[in-house]
Amino acid sequence: MQAGLRSEYTAINIDQKTLNEEHKDDYLKWFPSLSLKYEFTSNHSAHASYSKRINRPSQFDLNPFRFYDDSFNYSQGNPNLIPEITHAMEIGYAWKSNFMASLYFNSTKDVFTEVYNYNPDNNTTITTQINVDKSYNYGVNITNTAELNKWWSVNTLFNVFENKFMGEILNSNTIDPIMTVNLSVQNSFTITETLKAEGNAQYQSKSNLGIYQRDGFFDFSIGISKQVLAKKGSIKLNFTDVFNTNNFYIKSAVAQTTIDKKYDLDNRIATIAFTYRI
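Predicted, not measured: the structure shown is a model, and the values here were computed from it.

What counts, and where the lines are drawn
- Residues numbered from 1 in each chain as written.
- Predicted model: local features only at pLDDT ≥ 70, side-chain atom pairs only at ≥ 80, totals over all residues.
- Heavy atoms only, no water.
- Core = buried A, V, L, I, M, F, W, Y, C linked by side-chain atoms within 4.5 Å.
- Buried < 20%, exposed > 50% of the residue type's maximum accessible area, 1.4 Å probe, protein only.
- Helix = DSSP H or I, 4+ residues; strand = E, 2+ residues; numbered from the N terminus.
- Contact = heavy atoms within 4.5 Å.
- Pairing = 2+ DSSP bridges.
- Lys, Arg positive; Asp, Glu negative; His and termini not counted.
- Salt bridge = Lys/Arg side-chain N within 4 Å of Asp/Glu carboxyl O.
- Polar contact = N/O pair within 3.5 Å; in protein donor to acceptor, adjacent residues only side chain to side chain.
- Phe/Tyr/Trp six-rings, centres within 6.5 Å; stacked < 30°, edge-to-face > 60°.
- Lys NZ or Arg CZ within 6 Å of the ring centre and 35° of its normal.

Novice: I'd like to hear about the nonpolar core, residue by residue, with values.
Specialist: Residues Val111, Val115, Tyr116, Val132, Phe165, Ile175, Ile211, Tyr212, Phe217, Phe248, Ile250 and Ile259 constitute the largest nonpolar core, which totals 12 residues. Of all the elements in the fold, those that place two or more residues in this core are strand 7 (99-119) and strand 16 (248-252). Of the residues forming this core, the biggest block, 3 residues, is contributed by strand 7. Those residues in contact with Ile250 that sit more than four places away from it in its chain are Tyr212, Gln213, Arg214, Ile259, Asp260, Lys261 and Tyr263. Tyr27, Phe31, Ile85 and Phe112 belong to the second-largest nonpolar core, a separate cluster that totals 9 residues.

Here it is, written out as structure tokens:
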């Protein structure tokens with residue numbers, strides 16, 4: 001059994017001279033945590049945990065200064081944003097260090113979400129952040145480590161989850177939850193005593209982020225490393241997003257204005273690194 005209690009104090013002082021706006025706030029929060037583990041045998045155990053967490057808005061999210069994209073579109077921070085508070089709970093089972101399955105449930109109050117407010121009087125659209133009443137995130141998480149051969153081991157992560165948002169958002173209080181599947185497979189290969197390789201693949205199906213729906217995406221990365229200089233040094237070559245597939249669309253699920261964004265990310269990158277242990 002492990003229990004803890006943490007306290008954090010936050011002070012905010014905003015003086016936006018361009019718009020002549022001032023905003024002050026301060027708050028003291030307490031964060032308890034509890035973790036329980038029971039070992040049936042040396043190989044089998046069960047665990048349960050609870051924790052309270054905080055996510056504060058960034059300075060950019062709070063800053064009311066206007067950043068113009070053009071004459072009709074600008075983004076602006078919201079100095080009235082308050083922090084997200086999350087209560088996280090989990091219960092699970094583990095076999096050795098090879099297999100773990102868990103059920104989790106997270107409840108978050110005052111969730112951040114980005115919104116687009118359209119003003120028909122001057123034909124402008126303002127991008128800003130607001131607090132939504134609450135959200136629920138729940139799912140099943142399974143991890144498994146297997147040695148398929150002396151030279152090949154696989155670490156698999158399988159996660160099925162759903163996000164549910166509740167609260168008045170842009171004249172609507174209904175956002176349909178989406179069941180999302182996330183699968184990650186990490187492969188490690190021992191080619192020789194000093195030469196190793198990795199191949200990692202990840203897939204995530206469609207999900208929702210506040211008032212937005214995000215398309216699914218796939219990512220595949222590879223790497224190879226070589227120990228040199230009597231194993232004191234190593235050279236590693238990495239290629240991320242080999243097939244340039246980690247790109248997706250985001251569209252608004254509920255809004256006064258239809259928003260569609262395409263994220264064509266620059267993720268296909270090759271790096272080479274050298275390390276030496278003295």
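There is more to say after this.
Novice: Provide a residue-level description of the pairing of strand 6 (residues 84-95), including the pertinent values.
Specialist: Pairing between strand 3 (residues 44-55) and strand 6: 12 bridges, direction antiparallel. Across the sheet, Asn55 pairs through a bridge with Glu84, a residue of strand 6. By the bridge criterion, 11 bridges tie strand 6 to strand 7 in an arrangement that is antiparallel. Of the residues in strand 7, the one forming a bridge with Met89 is Phe105. Hairpin connection from strand 6 to strand 7: 3 residues lie between these consecutive antiparallel strands, with Lys96 at a positive phi of about 50 degrees.

Novice: Go over unusual backbone geometry, please, and point to the residues and values.
Specialist: Of all residues except glycine, most have a negative phi; of all peptide bonds, most are trans. The backbone of Leu229 shows a phi angle near 55 degrees, a positive value even though the residue is not glycine. Relative to the elements of secondary structure, Leu229 occurs in the loop between strand 14 (217-228) and strand 15 (233-240). Classification of Leu229 by relative accessible area gives exposed; the value is 54%. Here the phi dihedral of Asp241 falls at roughly 50 degrees; this positive angle occurs in a residue that is not glycine. In this structure, Asp241 sits in the loop between strand 15 and strand 16.

Novice: Can you break down the side chain of Glu162 residue by residue, with the values?
Specialist: Within the secondary structure layout, Glu162 lies in strand 9 (residues 152-166). Of the side chains with opposite charge, Lys164 lies nearest to the buried Glu162, which makes no salt bridge, at 7.1 Å. Polar side-chain contacts of Glu162 include one of 2.6 Å to the side chain of Tyr138. Discounting chain neighbours no more than four positions away, the residues touching Glu162 are Tyr136, Asn137, Tyr138, Pro177, Ile178 and Met179.

Novice: Can you break down the pattern of salt bridges residue by residue, with the values?
Specialist: This structure, assessed with the given rule, holds 6 salt bridges. Where Glu8 meets Arg56, a salt bridge forms, and the shortest distance between an N and an O atom there is 2.1 Å. Residue Glu8 is found in strand 1 (residues 2-16), and its partner Arg56 is found in the loop between strand 3 and helix 1 (59-62); the two are separated by 48 residues along the sequence. For Arg56, a relative accessible area of 32% puts it in the partly exposed group.

Novice: Account for the packing of aromatic side chains, with residues named and values stated.
Specialist: Ring pairs (aromatic) are described by centroid distance and by the angle formed between their planes. Across all of its chains, the model carries 13 aromatic pairs by this definition. Taken together, a centroid distance of 5.9 Å and an interplanar angle of 20 degrees make the contact between Trp151 and Trp152 stacked. Judged by its relative accessible area of 29%, Trp152 falls in the partly exposed class. Relative to Phe189, the ring of Trp152 has its centre 5.8 Å away and its plane inclined at 25 degrees; by these criteria the two rings are stacked. In this pair, Trp152 sits in strand 9 while Phe189 sits in strand 10 (residues 178-190), placing the two residues 37 residues apart along the sequence. Residue Phe189 is classed as partly exposed on the basis of its relative accessible area, which comes to 23%. In this structure an aromatic cluster arises from ring pairing among Phe60, Phe65 and Phe67. Here the basic side chain of Lys52 rests over the ring of Phe31, its NZ or CZ set 5.9 Å away from the ring centre. Sitting over the ring of Phe248, Arg214 keeps its end group 5.1 Å from the ring centre.

These figures capture arrangement, not role.
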